[in-house]
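Take a look at the letters that make up each chain.
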Amino acid sequence: IYSPSKQKTKTTQYNMPIKITKDVSTQLIKYVRSVKASFNPLDSRTRSVRETLRQLQCERFAKSNPKLKVDITHHGKVDPPSMYVAFVNGDERIFDCQKFHAKEMLDQLFG
C-alpha cells in the first residue's frame, strides 16, 4: 500500500556560488592593497593567474582604487604560478594558481 506520509523525503542541498555584481566588486576592490604575481609566461599552467591579473587591471578598478599596486614578475623557472594578495587590514592570501580557476580566485578575494 502506497502511503505518501510514510515515504522518506530526500532533501538536496545546492551550494550556489555567490554572484558578485560589477558594482559590488568595484566597492570591494578598495580593500585590496597590492597584488604580486610570479609566473613563467610560457607555462600552460598560468592561464588562471593571467586572467585574474587582466581582470584586476581593468579601468573601473583603477578608478575605484588608484593606490592598488599590481606587480608582475616573469621568470624562466619551472615553478608553479603564484599570486600574493595584501589587504588594507593586514590580511594576506597566497594562491597556488595552478590549482584555481580565475573566477575562484576572484570569488575568494571578494568573498
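The structure presented is a predicted model; accordingly, all values stated were derived computationally and were not measured.

Draft legend 1. A look at the pairing of strand S4 (residues 92–96). Relative to S4, strand S3 (residues 82–87) runs antiparallel, the two being bridged by 5 bridges. Bridged to Ala-86 within S4 is Glu-92. In sequence, S3 turns back onto S4 through a hairpin of 4 residues, with Gly-90 there showing a positive phi of about 100°.

Draft legend 2. Quick peek at the packing of helix H2 (residues 47–56) against helix H4 (residues 102–110). The N-to-C vectors of H2 and H4 enclose an angle of 50°; their axes lie 8 Å apart at closest approach. Here H4 runs oblique to H2, going by the angle between their axes. Between H2 and H4 lies a crossing whose hand is right-handed. Of the residues in H4, those in contact with Ser-48, Val-49, Glu-51, Thr-52, Gln-55 and Leu-56 of H2 are Ala-102, Met-105, Leu-106 and Leu-109. Counted by class, the contact of H2 with H4 contains 6 nonpolar, 3 polar and 1 charged residues.

Draft legend 3. Structural detail: the confidence of the model for the chain. Summary statistics for the chain give a mean pLDDT of 84 and a share of 83% for residues scoring 70 or more. In the model of the chain, helix H1 (residues 22–28) stands out as the element of lowest mean pLDDT, 81, in contrast to strand S1 (residues 32–39), which has the highest, 95.

Draft legend 4. Quick look at H2. Along H2, the residues classified as buried are Ser-48, Val-49, Thr-52, Leu-53 and Leu-56. Axial view of H2: buried residues confined to an arc of 130°, hence all on one face. Among the exposed residues of H2, those pointing more than 90 degrees away from its buried face are Arg-47 and Arg-54.

Draft legend 5. Seen up close, the pattern of salt bridges. Summed over the entire model, instances satisfying the criterion amount to 5 salt bridges. Where Arg-45 meets Asp-43, a salt bridge forms, and the shortest distance between an N and an O atom there is 2.6 Å. Of the residues examined, Asp-43 reaches a relative accessible area of 15% and is grouped as buried. Ionic pairing is found between Glu-59 and Lys-63, a salt bridge with its closest N-O pair at 3.2 Å. You can see Glu-59 and its partner Lys-63 sitting in helix H3 (residues 59–64), 4 residues apart, about one turn around the helix.

Draft legend 6. Fine view of the nonpolar core. Val-35, Met-83, Val-85 and Leu-109 are the most contacted members of the largest nonpolar core, which has 19 residues in total. Those elements giving two or more residues to this core turn out to be S1, H2, S3 and H4. Setting aside its immediate chain neighbours within four residues, Met-83 contacts Val-35, Lys-36, Ala-37, Val-49, Thr-52, Arg-93, Ile-94, Phe-95, Cys-97 and Met-105.

The rules behind each value
- Residues numbered from 1 in each chain as written.
- Predicted model: local features only at pLDDT ≥ 70, side-chain atom pairs only at ≥ 80, totals over all residues.
- Heavy atoms only, no water.
- Pairing = 2+ DSSP bridges.
- Helix = DSSP H or I, 4+ residues; strand = E, 2+ residues; numbered from the N terminus.
- Axes fitted to C-alpha atoms, helices over the stretch in contact; angles between N-to-C directions.
- Parallel < 35°, antiparallel > 145°, perpendicular 65-115°, else oblique.
- Left-handed = near helix turned anticlockwise from the far one by under 90°.
- Contact = heavy atoms within 4.5 Å.
- Nonpolar A, V, L, I, M, F, W, Y, C, P; charged D, E, K, R; others polar.
- pLDDT = per-residue confidence, 0-100.
- Buried < 20%, exposed > 50% of the residue type's maximum accessible area, 1.4 Å probe, protein only.
- Arc of directions from axis to C-beta.
- Salt bridge = Lys/Arg side-chain N within 4 Å of Asp/Glu carboxyl O.
- Core = buried A, V, L, I, M, F, W, Y, C linked by side-chain atoms within 4.5 Å.

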